[in-house]
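Examining the three-dimensional arrangement
Take a look at the letters that make up each chain.
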Amino acid sequence: MRTVYLNGEYVAENEAKVSIFDRGFLMADGVYEVTSVLDGKLVDFDGHAVRLERSLGELGMKNPITKDELLAVHRELVSRNDVVDGGVYLQITRGAPADRDFAFPDPETTPCTVVLFTQSKPGVTESPASKAGIKVISIADERWGRRDIKTVQLLYPSMGKMMAKAAGCDDAWMVEDGFVTEGTSNNAYIVKGNKIITRALSNDILHGITRAAVLRFAQEAQMEVEERNFTIDEAKEADEAFITSATMFVNGVVEIDGAQIGDGVPGHVSKRLREIYLDESRKVAI
Ligand code: PLP
């Protein structure tokens, strides 16, 4: 049984209880982060801590926990749960007021709810999806307009995954005004003539921590990067396609809406980026 963290305490997972009035439960009024663990160490902890701070700020929530405390909790949970490869999930909600109300409660009397737990994924870097690549379908992006804030309102992305599953695929790329925004839980890329193309940052997509690292590594390796919109038709004609996220790292996409991409296996650019990302992340993990 896992040990989890709830509001300052380490407890058994079946003893961790949150109020039915918690605004995370009633209103999806909360934010989250997922930090990858490789070899028992945290990958890009700083990046996740900075994005958490930003998400909280955009929602007018005061961060209830310092970065040092947060790091200590992450490490303690990894250690107590013997996580070698996997991740740490963190969620902060606006807490549980005395009753349901649309208005935000007074933060002085309603403290935030802070929850962290680990997810162990032995052998995650050698997953079948990473070897074979994934298949995606395109769906309309019907999420709210502030996708740059990492909120826990994940209903539409969950529905997208189910639509993909029903179509015999692994994930969905979302499309708005004719252009791909991102995957349901990852950023989306295509490669054409060795150029890496991905949508520029805005409120339309989550500012992936893995995206930032991968684009930095790509530039350091003299690969060309172009941040611009692309369509599903352009993606179908691309030499390669891939996704990035803290849980999948860099993963090839081999089929889009039934059309094979490249040779139908992860391409050399995405494979190289995955190698660089995993090597460099392991080196600097803390
Ligand atoms: N885009 C969306 C919608 C996501 O949910 C995620 C991760 O959960 C990402 C992109 C990738 O972000 P990161 O690389 O920080 O995991």
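Our structure is the block above this text.
A short tour of the structure in this document, coming up. Note that the coordinates shown come from a computational prediction; the quantities given were computed from them, not determined experimentally. (Residues numbered from 1 in each chain as written. Predicted model: local features only at pLDDT ≥ 70, side-chain atom pairs only at ≥ 80, totals over all residues. Heavy atoms only, no water.)

Before going further, it helps to spend a moment on a nonpolar patch on the surface. A cluster of nonpolar side chains, namely Ile20, Phe21, Phe25 and Leu26, defines an oily patch on the protein surface of about 400 Å² accessible area. The topology assignment puts Phe25 in helix α1 (residues 23-27). (Patch = residues over 30% accessible without salt bridge, like charges linked within 9 Å, V, L, I, M, F, W, Y side chains within 5 Å. Areas by Shrake-Rupley, 256 points an atom, 1.4 Å probe, with all protein chains shown as cover. Salt bridge = Lys/Arg side-chain N within 4 Å of Asp/Glu carboxyl O. Helix = DSSP H or I, 4+ residues; strand = E, 2+ residues; numbered from the N terminus.)

Here we take up the layout of surface pockets. Computed from the structure, the largest pocket encloses a volume of approximately 970 Å³. Around the largest pocket, the lining is made up of 40 residues, and of these Tyr32, Lys150, Thr184, Ser185 and Asn186 lie nearest the centre. Put simply, the parts of the chain that give the lining of the largest pocket at least two residues each are β3 (30-38), α2 (45-58), α5 (155-166), β9 (179-183), α6 (209-220) and β13 (240-245). Of the residues forming the lining of the largest pocket, the biggest block, five residues, is contributed by α5. Residues belonging to the lining of the largest pocket are distributed by class as follows: 15 nonpolar, 15 polar and 10 charged. (1 Å grid on protein atoms, 1.4 Å probe; cavity = no way out; pocket = protein on both sides within 12 Å on 5 of 7 lines; lining within 4 Å. Points joined across faces, edges and corners; volume = space filled by probe spheres on them. Nonpolar A, V, L, I, M, F, W, Y, C, P; charged D, E, K, R; others polar.)

Further remarks concern the side chain of Thr244. By the secondary structure assignment, Thr244 is in strand β13. For Thr244, a relative accessible area of 1% gives the class buried. In terms of polar contacts, Thr244 uses its side chain to reach the side chain of Tyr189, at 2.8 Å. Contacts of Thr244, omitting those with residues within four sequence positions, involve Asn186, Asn187, Tyr189, Thr210, Arg211, Val214, Phe249 and Val250. (Buried < 20%, exposed > 50% of the residue type's maximum accessible area, 1.4 Å probe, protein only. Polar contact = N/O pair within 3.5 Å; in protein donor to acceptor, adjacent residues only side chain to side chain. Contact = heavy atoms within 4.5 Å.)

Quick look at the site of the ligand now. Neighbouring the ligand are 17 residues, the closest being Arg51, Lys150, Glu182, Ile209 and Thr210. Glu182 places a side-chain nitrogen or oxygen 2.6 Å from a nitrogen atom of the ligand. Here Ile209 contributes a backbone N or O atom positioned 2.8 Å from an oxygen atom of the ligand. Relative to its free-state accessible area of 390 Å², the ligand is covered by the protein chains to the extent of 91%. Applying the majority rule of atoms within 2 Å of the grid points places the ligand in the largest pocket. Of the residues contributing to the shell around the ligand, the split by class is four nonpolar, nine polar and four charged. (Near = heavy atom within 4 Å. Sits in = over half its atoms within 2 Å of the grid points.)

Turning our eyes to something else, we now look at the environment of Leu206. Structurally, the position occupied by Leu206 is in the loop between β11 (195-198) and α6. Between the alpha carbons of Leu206 and Gly160 there is a distance of 16 Å; along the sequence they are 46 residues apart. Not counting residues up to four positions away in its chain, the partners in contact with Leu206 are Arg51, Arg147, Asp148, Ile149, Lys150, Glu182 and Asn187.

What follows concerns the packing of α2 against helix α3 (residues 67-80). Look at α2 against α3: their axes get within 11 Å of each other, and the N-to-C directions meet at 125°. Looking at the two axes, α2 sits oblique to α3. Crossing of α2 against α3: the hand is right-handed. Residues Phe45, Asp46, Ala49 and Leu52 of α2 pack against Lys67, Leu70, Leu71 and His74 of α3. Residue composition of the contact of α2 with α3, by class: five nonpolar, one polar and two charged. (Axes fitted to C-alpha atoms, helices over the stretch in contact; angles between N-to-C directions. Parallel < 35°, antiparallel > 145°, perpendicular 65-115°, else oblique. Left-handed = near helix turned anticlockwise from the far one by under 90°.)

With that out of the way, let us pick up the packing of aromatic side chains. Considering all chains together, one arrives at seven aromatic pairs under this definition. Geometrically, the ring pair formed by Tyr189 and Phe242 is stacked, given 4.5 Å between the ring centres and 5° between the ring planes. Of this pair, Tyr189 sits in strand β10 (residues 187-192) while Phe242 sits in strand β13; the two residues are 53 residues apart in sequence, bridging distant segments of the chain. Owing to a relative accessible area of 0%, Tyr189 belongs among the buried residues under this scheme. Residue classification places Phe242 among the buried residues on the basis of a relative accessible area of 0%. (Phe/Tyr/Trp six-rings, centres within 6.5 Å; stacked < 30°, edge-to-face > 60°.)

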